[in-house]
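Each chain is listed here by its residues.
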Amino acid sequence: MSGSVQLRVFPERCLFDDPLRLEVSGLIPGQEVTLRTELTDEGGEPFTSLGRYRAGSGGELELSRSPALEGGTFTGVEAEGPLWALEPRNGVRRRMMKKDVRSPLIVRFSLHQEPAGAVLSTAVQERSFLGEGVRRIRVREGAVRATLFIPPGPGPFPGIIDLYGTGGGLVEHRASLLANHGFVTMALAFFDYDDLPSHLGGLNLNYFHEALEFLRRHPKVNKQEIGIIGLSKGADLAITMATFLPGIKAVVSISGCNANTMAPLPCDGFVLPCLGLSTEKIKLTETGELDMSEFMDDPMDPAFHECLIPAERSSAAFLLLSGLDDKNWPSSLYSKQFVAHLKEHKKDVESYYYPGAGHLLEPPYFPLCKASNHKLLGMPMLWGGQLRAHAKAQEDAWKRILTFFSKQLKAHSHL
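Below is a summary of the structure that appears in this document.

Rules and cut-offs
Residues numbered from 1 in each chain as written. Predicted model: local features only at pLDDT ≥ 70, side-chain atom pairs only at ≥ 80, totals over all residues. Heavy atoms only, no water. Helix = DSSP H or I, 4+ residues; strand = E, 2+ residues; numbered from the N terminus. Rg over C-alpha atoms; globule rule 2.2 N^0.38 Å. Buried < 20%, exposed > 50% of the residue type's maximum accessible area, 1.4 Å probe, protein only. Contact = heavy atoms within 4.5 Å. Areas by Shrake-Rupley, 256 points an atom, 1.4 Å probe, with all protein chains shown as cover. Core = buried A, V, L, I, M, F, W, Y, C linked by side-chain atoms within 4.5 Å. Pairing = 2+ DSSP bridges. Axes fitted to C-alpha atoms, helices over the stretch in contact; angles between N-to-C directions. Salt bridge = Lys/Arg side-chain N within 4 Å of Asp/Glu carboxyl O. Expected span 1.5 Å × (residues − 1).

## So, the overall build of the protein chain
Line of reasoning, step 1. Of the regular secondary structure elements, the protein chain holds six helices and 23 strands.
Line of reasoning, step 2. Computed over its C-alpha atoms, the radius of gyration of the protein chain comes to 22 Å, within 12% of the 22 Å expected for a compact globule of 415 residues.
Line of reasoning, step 3. Each principal axis of the C-alpha distribution contributes one length, and for the protein chain these read about 75 × 55 × 40 Å.
Line of reasoning, step 4. Relative to its full complement of 415 residues, the protein chain shows a buried share of 56%.
Line of reasoning, step 5. Pairs at least 24 apart in sequence give 68% of the contacts found in the protein chain among residues at least 6 apart.
Line of reasoning, step 6. Carbon and sulfur atoms provide 51% of the accessible area of the protein chain, an area that totals close to 17100 Å².

Here's what the structure looks like:
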């Protein structure tokens, strides 16, 4: 390893949604090098990205100014490219999940000489999910199965319930990152976890009401400032909660639907039916993935009118985010239908549509997952998304989520 070349990453420890700063010095002016980035997830799957660069006139590289050349996994001036361009080494059907948020993900950078490939310098960065002083508390209260994340300080803080989709289980990574921004967050499991129902058919709105009341009673939570964020099936559950349960001020729907999906939902005194499914519209790609993008029936079909969530009853503000390359279902169409309906009722709603973005819009720098094995289906299915466009959508969506919740929930909180 050369002693004169230095690869430096700033800072050495940060939060996962923090931007990346990488610099190189000591190269020969005009020297071509490859930056290799590696991360191994909890399942042991290695993710890698490659960026090819040419040193500046002073023998330096600074990723915020130096363009990546053709031949790598990303090109152009992309300071965070080494992170968002990470790809699973053993095929595209892999979703990087962080189940244990108590430990950081370790990102390893190495600079290689071209064309021989000798290692010139290395650097390591820890990207964490829990900021200093954030507490993680497991919740097993009544029927509720969840994890609570509490920011440092006296509070009270706004509260946010975080819901994921049909993968089931308990997903904590987004909730833990939100807590670093001054929210008490509850990552809420609702099926296929602990003693909860093993399938979506076992859901009941009473469970979500119990979780909401638990959060509102917590001494660190400002019970007047409650929001919900949901992805996919979690999004229509979030909208349903804001419609039928009291006191929810703000909802973020990511890649969601304007109707109840997948299973009828028993509510207090009635059942919200679910949107119809047309199995004959499922396609199989040449590479063996299920394309479910036309699988759901049209929510605006009069036959499914009762499946629509009557969100005009809600006093919450809504933010809808969707990708135009969503291969799971046409979430942008559902969003436009939802927005048009709410605007007719003069409700507070805003929406953003991202060209080239797929279904799984995660916090910034999570690698794109275009397809993965679906737990319920037992087969790989398409999620969609184009690498750079999806990455930029995640960065923009995260900023909008934080701004939206801060505006809607923090105005009257004593932070």
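Read on, since the account is not over.
## Some words on the nonpolar core
Line of reasoning, step 1. With 128 residues, the main nonpolar core has L163, L188, F208, M241, F318, I401 and F405 as its most contacted residues.
Line of reasoning, step 2. A total of nine residues in this core trace back to one element, the largest contributor, which is helix 6 (residues 387-409).
Line of reasoning, step 3. Contacts of F208, omitting those with residues within four sequence positions, involve L163, L188, F190, L203, L237, M241 and L245.

## Observations regarding the sheet that holds strand 20 (residues 317-323)
Line of reasoning, step 1. Strand order across the open sheet formed by eight strands is 10-11-13-12-14-15-20-21, with mixed pairing between neighbours. Bordering the open sheet on either side are strand 10 (135-141) and strand 21 (349-354), each of which pairs with just one other strand. Averaged over all pairs of adjacent strands, the angle between their axes in this sheet comes to 20°, without regard to strand direction.
Line of reasoning, step 2. Against the sheet, helix 3 (residues 205-217) contacts strand 10, strand 11 (144-150), strand 12 (157-163), strand 13 (184-188) and strand 14 (221-231), and its axis sits at roughly 155° relative to strand 13.

## Focus: the side chain of H390
Line of reasoning, step 1. Among the secondary structure elements, H390 is positioned in helix 6.
Line of reasoning, step 2. Residues in contact with H390, not counting those within four places in the same chain, are G356, A357, G358, L360, L361, L368 and G385.

## Section: the sheet that holds strand 4 (residues 32-40)
Line of reasoning, step 1. With respect to topology, six strands assemble into an open sheet ordered 2-9-8-4-5-7, the strand pairing being mixed. Since the sheet does not close on itself, it has two edges, and those belong to strand 2 (13-15) and strand 7 (87-88), each with one partner.
Line of reasoning, step 2. Direction of pairing for strand 4 relative to strand 8 (residues 105-113): antiparallel, over a ladder of seven bridges. Along strand 8, the bridge assignment pairs L35 with L111.

## Topic: the pattern of salt bridges
One side chain can pair with another of opposite charge once the charged atoms of both are near each other.
Line of reasoning, step 1. Taken as a whole, this structure holds 26 salt bridges when the rule is applied.
Line of reasoning, step 2. Measuring nitrogen to oxygen at the nearest pair gives 2.7 Å for the salt bridge that ties K392 to E78. Of this pair, K392 sits in helix 6 while E78 sits in the loop between strand 6 (61-62) and helix 1 (81-84), and the two are 314 residues apart along the sequence.
Line of reasoning, step 3. Taking the relative accessible area as the measure of exposure, K392 reaches 29% and is therefore partly exposed.
Line of reasoning, step 4. Judged by relative accessible area, which is 4%, E78 ranks as buried.
Line of reasoning, step 5. A salt bridge links E213 to R216, with the nearest nitrogen and oxygen atoms 3.6 Å apart. Here R216 and E213 lie together in helix 3, a separation of three residues that amounts to about one turn.
Line of reasoning, step 6. Classification of R216 as buried rests on a relative accessible area of 19%.
Line of reasoning, step 7. Taken together, the salt bridges that share partners define one network made up of E78, R388, K392 and E395.

## Considering helix 5 (residues 331-344)
Since one α-helical turn is 3.6 residues long, residues separated by three or four positions face the same way.
Line of reasoning, step 1. With 14 residues, helix 5 extends 20 Å from end C-alpha to end C-alpha; this agrees with the ideal 20 Å at 1.5 Å per step.
Line of reasoning, step 2. Among all positions in helix 5, only S331, S332, Y334, S335, Q337, F338, V339 and L342 are buried.
Line of reasoning, step 3. For helix 5, the elements touching its buried residues are helix 4 (233-244), strand 20 and strand 21.
Line of reasoning, step 4. Looking at the residues trailing helix 5, positive phi occurs at K346, about 55°.

## A look at the environment of E210
Line of reasoning, step 1. One can find E210 in helix 3.
Line of reasoning, step 2. When the C-alpha atoms of E210 and F183 are compared, they prove to be 20 Å apart, with 27 residues separating the residues in sequence.
Line of reasoning, step 3. Ignoring sequence-local partners within four residues, the contact set of E210 consists of E141, G142, A143 and V144.

## A few points about helix 4
Line of reasoning, step 1. If you check helix 4, its first and last C-alpha atoms are 17 Å apart, about what 12 residues at 1.5 Å a residue would give, namely 16 Å.
Line of reasoning, step 2. For helix 4, the tally of buried residues reaches 11 of 12 residues, placing the bulk of the element in the interior.
Line of reasoning, step 3. Taken residue by residue, helix 4 has K233, G234, A235, D236, L237, A238, I239, T240, M241, A242 and T243 as its buried positions.

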